[in-house]
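Read off the chains here:
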Amino acid sequence: MSVLLFTHLACLRHDPGEGHPECPDRLRAVLRALDAGEFTELIRAEAPLATVEQLLRVHPAGYVDAIIGIRPEGEERVALDGDTLMSAGSAEAALRAAGAAVAAVDAVCSGEVRRVFCATRPPGHHAEPNRPMGFCLFANAAVAARHAQAAHGLTRVAVVDFDVHHGNGTQACFEAEATLFFASSHQWPCYPGTGDVQETGVGNIFNATLPPGADGAAFRAAWQDTLLPALDSFAPDLIVVSAGFDAHASDPLAQLRVREADFAWLTEKLCALADLHCGGRLVSLLEGGYDLEALALSTAAHVRALMRA
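Along each chain, the written sequence defines residue order, and numbers are assigned to residues from 1. Where local features are concerned, this predicted model is filtered to residues with pLDDT of at least 70; where side-chain atom pairs are given and counted, the filter is 80 or more; whole-chain, interface and lining totals use all residues. With hydrogens and water stripped out, all remaining heavy atoms of the structure feed into the side-chain values.

1. Notes on the overall build of the chain
Within the chain one finds 9 helices and 10 strands. Radius of gyration: over C-alpha atoms. The globule rule applied is 2.2 Å multiplied by the number of residues raised to the 0.38 power. The C-alpha radius of gyration of the chain comes to 17 Å, within 12% of the 19 Å expected for a compact globule of 309 residues. The dimensions of the chain, computed from C-alpha atoms along their principal axes, are 50 × 45 × 40 Å. Three labels apply to residues, based on accessible area from a 1.4 Å probe with only protein chains included: buried if under 20% of the type maximum, exposed if over 50%, partly exposed otherwise in between. Here the chain holds 309 residues, and the buried ones make up 59% of them. Only DSSP runs of H or I with at least four residues qualify as helices, and only runs of E with at least two residues qualify as strands; both kinds are numbered from the N terminus onward.

Dropping the structure here:
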């Protein structure tokens, strides 16, 4: 099955600084993995810039203007919080990451392809409407969901998030809107401290917590028993995936013990539900993953599953 891959070299020019885990080498590792012969059938395209109009569906105008306007010179960086920094290339990279998510929605809604993977950075699932945090500047998955509704007339859009950290930003964007659905598995306790199972929004938010040390079996059970049935009941018109691979056993920022085969298993389950409810429409966005080898192997397993499902 043809899968569209969006990326852009500008996403390498977002540089939070030496020693920062969300580094340009993450994207380099992903792109090297996807250059393997088995991925020659990927359709490759450059991520466009998101427009202000597209961002305003999620973020207030003052916030959008502020992020776009931060343009440090040379090697300077601007710290937005203790974890989230912007360099000279960060504003364009963030616009490309959000723009890839929007273009991916356009591609699946037009029937060009059924599956899209966006290999971009910075990630987005921690960005709240009014606040950057957790390495994230724009809420890419939420921007994609709102674009699907505004530009393509889709009614019900789901975001599912298997990053090891809870997607507080996506939840904050969705929790009052019944036409949007959010499901997340994540380590608990862990950054950012949100994602308790009692956080249910208007009946559209589903969180499954995993204790430190939980393995692939526990990860699969959380999805099989709780999150996938909720997604099935929601019957979305589009599935957007926040694909973070930092639940991997080798990742340095958390303590879960998930493996590549577990990510592939979940990807196949999500594709099956997309086929059932969405005409196959599924958009996947790269989020976390901070061990370079594990990130590369996990991304390859995920995209491989997208291609065969």
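2. Details of the packing of aromatic side chains
Each pair of aromatic rings taken from Phe, Tyr and Trp, with Trp reduced to its six-membered ring, is defined by centres within 6.5 Å and is described as stacked if the planes are under 30 degrees apart, edge-to-face if over 60, and tilted in the remaining cases. Within the structure shown, the criterion is met by 8 aromatic pairs. Between Phe-219 and Phe-263 the ring centres are 6.0 Å apart and the planes differ by 80°, which places this aromatic pair in the edge-to-face class. One end of the pair, Phe-219, is in helix H7 (residues 216-234); the other, Phe-263, is in helix H8 (residues 260-277), with 44 residues separating them in the sequence. According to the relative accessible area criterion, Phe-219 is buried, its value standing at 1%. Three or more aromatic residues joined by ring pairs form one cluster here, namely Phe-162, Phe-219, Phe-245 and Phe-263.

3. Thoughts on the sheet that holds strand S6 (residues 157-161)
Spatial ordering of the open sheet is given by S2-S1-S5-S10-S9-S6-S7-S8, a layout of 8 strands whose pairing is parallel. With one partner strand each, in any of the chains shown, strand S2 (43-46) and strand S8 (205-210) form the two edges of the open sheet. Across the sheet, the axes of successive neighbouring strands diverge by a mean angle of 15°, strand direction being ignored. Two strands qualify as a pair provided DSSP detects at least 2 bridges between them. As defined by bridge partners, strand S1 (residues 3-7) adjoins S2 across 4 bridges and the pair is classed as parallel. Residue Thr-7 lies in a different strand from S2, and its bridge partner there is Glu-46. Contact definition: two residues touch when any of their heavy atoms are within 4.5 Å. To get an axis, a line is fitted to the C-alpha atoms, and for a helix only the part in contact is used. The angle between two axes follows their N-to-C directions and goes from 0 to 180 degrees. Strands in contact with H7 are S6, strand S7 (180-187), S8 and strand S9 (238-243); relative to S7, the strand with the most contacts, it is inclined by about 175°.

4. Brief notes about helix H3 (residues 61-69)
Of the residues making up H3, those classed as buried are Tyr-63, Val-64 and Ile-67. Looking straight down H3, one finds that the buried residues subtend no more than 95° of arc, so they occupy a single side. Away from the buried face of H3 by more than 90 degrees, exposed residues Gly-62, Asp-65 and Gly-69 are located. Check the buried side of H3 and you find it contacts helix H2 (52-56), strand S4 (85-86) and helix H4 (90-109). Along the arc lie the directions from the helix axis toward the C-beta atoms.

5. Considerations on the packing of H7 against H8
Following both chains from N to C, one finds H7 and H8 inclined at 10°, their axes separated by 10 Å at the closest point. When the axes of H7 and H8 are compared, the pair comes out roughly parallel. Contacts between H7 and H8 involve Gly-216, Phe-219, Arg-220, Trp-223, Gln-224, Leu-228, Leu-231 and Asp-232 from the first element and Ala-261, Asp-262, Phe-263, Trp-265, Leu-266, Lys-269, Leu-270, Leu-273, Leu-276 and His-277 from the second. Of the residues contributing to the contact of H7 with H8, the split by class is 11 nonpolar, 3 polar and 4 charged. Small angles under 35 degrees read as roughly parallel and large ones over 145 as roughly antiparallel, with 65 to 115 read as roughly perpendicular and the rest as oblique. Here the nonpolar group is Ala, Val, Leu, Ile, Met, Phe, Trp, Tyr, Cys and Pro; Asp, Glu, Lys and Arg are the charged ones; every other residue, Gly included, is treated as polar.

6. Points about the nonpolar core
Buried Ala, Val, Leu, Ile, Met, Phe, Trp, Tyr and Cys residues form a nonpolar core when they are joined through side-chain atoms within 4.5 Å. Ranked by size, the top nonpolar core spans 53 residues in total, and within it Phe-117, Val-160, Phe-162, Trp-223 and Ile-239 carry the most contacts. Among the elements that line this core, the one with the most residues is H7, at 8 residues. With sequence-adjacent residues up to four places away left out, Ile-239 is seen in contact with Ala-158, Val-160, Leu-231, Leu-270, Leu-273, Ala-274, Cys-278, Arg-281, Leu-282 and Val-283. Ranked by size, the runner-up nonpolar core spans 49 residues in total, among them Ile-70, Met-86, Val-113 and Ala-144.

7. Things to note about the pattern of salt bridges
Just to be clear on terms, a salt bridge is a Lys or Arg side-chain nitrogen sitting within 4 Å of an Asp or Glu carboxyl oxygen. Tallied over the entire structure, the rule returns 12 salt bridges. A single network of salt bridges, built from pairs that share partners, joins Glu-22, Arg-26 and Arg-121.

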